Amino acid sequence: MSGPNDLQFQEFDEAAELLSADPGASTLSMSASPITPGVQDVRLDLSDNEEGQEESSELLGGQKPTGSFWTFEYYQSFFDVDTVQVLDRVKGSMMPLPGRNFVKHHLRNNPDLYGPFWICVTLVFSVAIGGNLSTFLSERGNPSYHYRPQFHRVSIAAVVIFLYAWLVPVCLWGFLTWRQGAERQIGGYSFLETMCVYGYSLFIYIPTSVLWIIPFEWLHWTLIVIAILISGSVLVLTFWPVVRDDTKVVAMATLATIVLLHTLLAIGCKLYFFQTAVATLGPVPTSPPVHTTMTTKHH
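Residues numbered from 1 in each chain as written. Predicted model: local features only at pLDDT ≥ 70, side-chain atom pairs only at ≥ 80, totals over all residues. Heavy atoms only, no water.

As named in an unreviewed UniProt entry, the protein is Protein YIPF, taken from Takifugu bimaculatus. In UniProt, the protein has this text filed under Sequence similarities (unreviewed entry): "Belongs to the YIP1 family." (UniProt positions renumbered as here; feature names shortened; annotations may be inferred.)

Listed below in structure tokens is the structure:
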């Protein structure tokens, strides 16, 4: 019975005998690698999954939410942002600089809904409460005025502001996607990035609405102009790289529509929620003097 060593090197001994018989023979070394069935299929399946994840994450700006659409985990990634990032984005929305794109320099492929949501909520209460306080301060010297809190203004402000902050970005993103066609441009923004830019652009209206409490008409319109210039500049500087490759007419019309809608929101809030204060800025009318006649009684 042969030992293990004899069996182990039997193949090499036969090769050595052949080489000794014919030294000029050529040799060929082959290494067989085991082929595991199904490896290629698994690789194809993984690539298909990655392509599907890329397509689904394109709408969300690079984020890949986990879980089903109806679960809390799906929306949790949209609010995954810390205080430093939110403050940096708020600062960027109030200090627009030429050449600094809000999406590229502040969002950095990580848009959120936390900041835009709370900005809209804060703006709703600042506009509604500021309108009530402005009315109270302007009517303070009128003895016939009785203060009544107008809580319905909170509902109206919520409907207007949230519709603007969600509906306008949806329409703008759909229009830009349609203009870009099937092959999207490099500078195109996702739906979540577009909505995030609009949400942070509304922050400047919060201190503006607070200062509207001061009952001076010239101050109100001055603040409106400053707020529109700052907030409109953020939107123009952000979306100009996307529309500049389009035709000149479409690019200018798109930017003009963005600024116009932003202006109408500010002017509409001012005229509706602070209209009572404007109407009573003039002098309070006084009642006409009552003339009394004295009669003398003759005896």
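(A) Fine view of the overall build of the protein. The secondary structure content of the protein amounts to 13 helices and zero strands. Each helix and strand of the protein, ordered N terminal to C terminal, gives the series α-α-α-α-α-α-α-α-α-α-α-α-α. Counting the 299 residues in the protein, one finds 32% classified as buried. Restricting the contact set of the protein to residue pairs at least 6 apart, pairs at least 24 apart contribute 74%. Put simply, the protein shows about 19,700 Å² of open surface, and 65% of that area lies on carbon and sulfur atoms. (Helix = DSSP H or I, 4+ residues; strand = E, 2+ residues; numbered from the N terminus. Buried < 20%, exposed > 50% of the residue type's maximum accessible area, 1.4 Å probe, protein only. Contact = heavy atoms within 4.5 Å. Areas by Shrake-Rupley, 256 points an atom, 1.4 Å probe, with all protein chains shown as cover.)

(B) Quick look at a nonpolar patch on the surface. A cluster of nonpolar side chains, namely F79, Y114, F117 and W118, defines an oily patch on the protein surface of about 390 Å² accessible area. Relative accessible area serves as the criterion here: at 45%, W118 is assigned to the partly exposed category. (Patch = residues over 30% accessible without salt bridge, like charges linked within 9 Å, V, L, I, M, F, W, Y side chains within 5 Å. Salt bridge = Lys/Arg side-chain N within 4 Å of Asp/Glu carboxyl O.)

(C) Quick look at the packing of aromatic side chains. Evaluation of the coordinates by the stated rule reveals 11 aromatic pairs. Taking 5.7 Å as the distance between ring centres and 70 degrees as the angle between the ring planes, the aromatic pair formed by W173 and F191 counts as edge-to-face. In this pair, W173 sits in helix α8 (residues 152–180) while F191 sits in helix α9 (residues 191–201), placing the two residues 18 residues apart along the sequence. By relative accessible area, W173 is classed as partly exposed at 22%. With a centroid separation of 6.2 Å and 50 degrees between ring planes, the pair formed by Y198 and F239 is classed as tilted. (Phe/Tyr/Trp six-rings, centres within 6.5 Å; stacked < 30°, edge-to-face > 60°.)

(D) Main features of the UniProt feature "transmembrane region" (unreviewed entry) in the protein. The UniProt feature table records "transmembrane region" (unreviewed entry) at residues 113–134, 154–176, 197–215, 221–242 and 249–273. Counting secondary structure, residues 221–242 comes out at 100% helix and 0% strand; the distance between its end C-alpha atoms is 31 Å. End-to-end, the C-alpha atoms of residues 249–273 are 36 Å apart, and along that stretch the chain is 100% helix and 0% strand.

(E) Inspection of the nonpolar core at higher detail. Core analysis: the biggest nonpolar cluster contains 46 residues, and Y198, L202, Y205 and F239 have the highest contact counts within it. Elements supplying a minimum of two residues to this core: α5 (83–94), α6 (102–107), α7 (114–138), α8, α9, α10 (205–211), α11 (217–243) and α12 (248–273). Of the residues forming this core, the biggest block, 10 residues, is contributed by α11. Setting aside residues no more than four positions away along its own chain, L202 makes contact with I119, C120, L123, Y164, A165, H262 and L265. Within the second largest apolar cluster, five residues are counted, among which are L113, F191, L192 and M195. (Core = buried A, V, L, I, M, F, W, Y, C linked by side-chain atoms within 4.5 Å.)

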